[in-house]
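# Coordinates in review
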Amino acid sequence: GKDHQIVTLRGKFTEHVRGDKYVFTDDKGASIRAELDHDRDWSMITKDAPVEIRAEVDKDWTEIELDVLSAKPQSDNARGPSGLRAFCHSRRNPA
């Protein structure tokens, strides 16, 4: 997509990279880095659970990533009791 374009994608958050950076893998298996800002509640997201995201494309000279604006689980089973906390362990622990 173009820089600042708003996109809607279905897939899963498959990996925590560091901080507020995650890997989002779409339904076709393509992966992209996605940012989930710390100042928002992402408790509805569980690792590897189907989700639909709305995000802004963020392009710079060397890479493309998504700034996630909203996320919606795609099934009743997608909401886990610990959400992102279990996904990224604890951000307070030094890596």
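Report follows, based on the coordinates. What you are looking at is a predicted structure, and each value in this text was computed from that prediction instead of being measured.

### Details of the environment of Lys21
Tracing the backbone shows Lys21 in strand E2 (residues 21-26). For the pair Lys21 and Asp37, spaced 16 residues apart in sequence, the C-alpha separation works out to 8.6 Å. Not counting residues up to four positions away in its chain, the partners in contact with Lys21 are His16, Arg33, Ala34, Glu35 and Glu65.

### Remarks on the side chain of Glu35
Residue position: Glu35 is located in strand E3 (residues 31-35). Residue classification places Glu35 among the buried residues on the basis of a relative accessible area of 17%.

### Quick look at the nonpolar core
Counting residues in each nonpolar core, the largest one holds 16 residues, and the members touching the most others are Phe13, Ile53 and Val68. Top contributing element to this core by residue count: strand E4 (residues 51-59), with four residues.

### Regarding the sheet that holds E4
The strand order around the closed barrel built from five strands is E1-E2-E3-E5-E4, with neighbouring strands paired in mixed fashion. Here the average twist between neighbouring strands, direction ignored, is 55°. Two elements, E2 and E3, share five bridges in a ladder whose sense is antiparallel. Looking across to E3, one finds that Thr25 is bridged to Ser31.

### Considerations on the packing of aromatic side chains
Each aromatic ring pair is described using two quantities: the centre-to-centre distance and the angle formed by the ring planes. Considering all chains together, one arrives at two aromatic pairs under this definition. Measuring from centroid to centroid gives 6.3 Å for Phe13 and Tyr22, while their planes differ by 85°, and the two rings are edge-to-face. No difference in accessibility class separates Phe13 from Tyr22, as the two residues are buried. Measuring from centroid to centroid gives 5.2 Å for Phe13 and Phe24, while their planes differ by 65°, and the two rings are edge-to-face. Separated by 11 residues along the polypeptide, Phe13 in strand E1 (residues 6-18) and Phe24 in strand E2 bring together distant segments of the chain. Residues Phe13 and Phe24 agree in their burial class; the two are buried. Among the aromatic residues, those joined into a ring-pair cluster are Phe13, Tyr22 and Phe24.

Cut-off values and rules
Every chain is numbered independently, its residues counted from 1 as its sequence is written. Only residues with pLDDT of at least 70 are given local features in this predicted model, and only at 80 or more are side-chain atom pairs given and counted; all residues enter the totals for whole chains, interfaces and linings. With hydrogens and water excluded, all non-hydrogen atoms of the structure serve as input to the side-chain values. Numbering of helices and strands runs from the N terminus; a helix is a DSSP stretch of H or I covering at least four residues, while a strand is a stretch of E covering at least two. By definition, residues are in contact when any of their heavy atoms lie within 4.5 Å. Relative accessibility decides the category of a residue: with a 1.4 Å probe and only protein chains considered, values under 20% of the type maximum give buried, values over 50% give exposed, and everything between is partly exposed. Grouping buried Ala, Val, Leu, Ile, Met, Phe, Trp, Tyr and Cys residues that are joined through side-chain atoms within 4.5 Å yields what is termed a nonpolar core. We call two strands paired when DSSP finds no fewer than two bridges between them. With axes taken as lines fitted to C-alpha atoms, and helix axes fitted only over the stretch in contact, angles between N-to-C directions fall between 0 and 180 degrees. Aromatic rings from Phe, Tyr and Trp, with only the six-membered ring used for Trp, were paired whenever their centres fell within 6.5 Å, and each pair was classed as stacked if the ring planes differed by under 30 degrees, edge-to-face if by over 60, and tilted otherwise.

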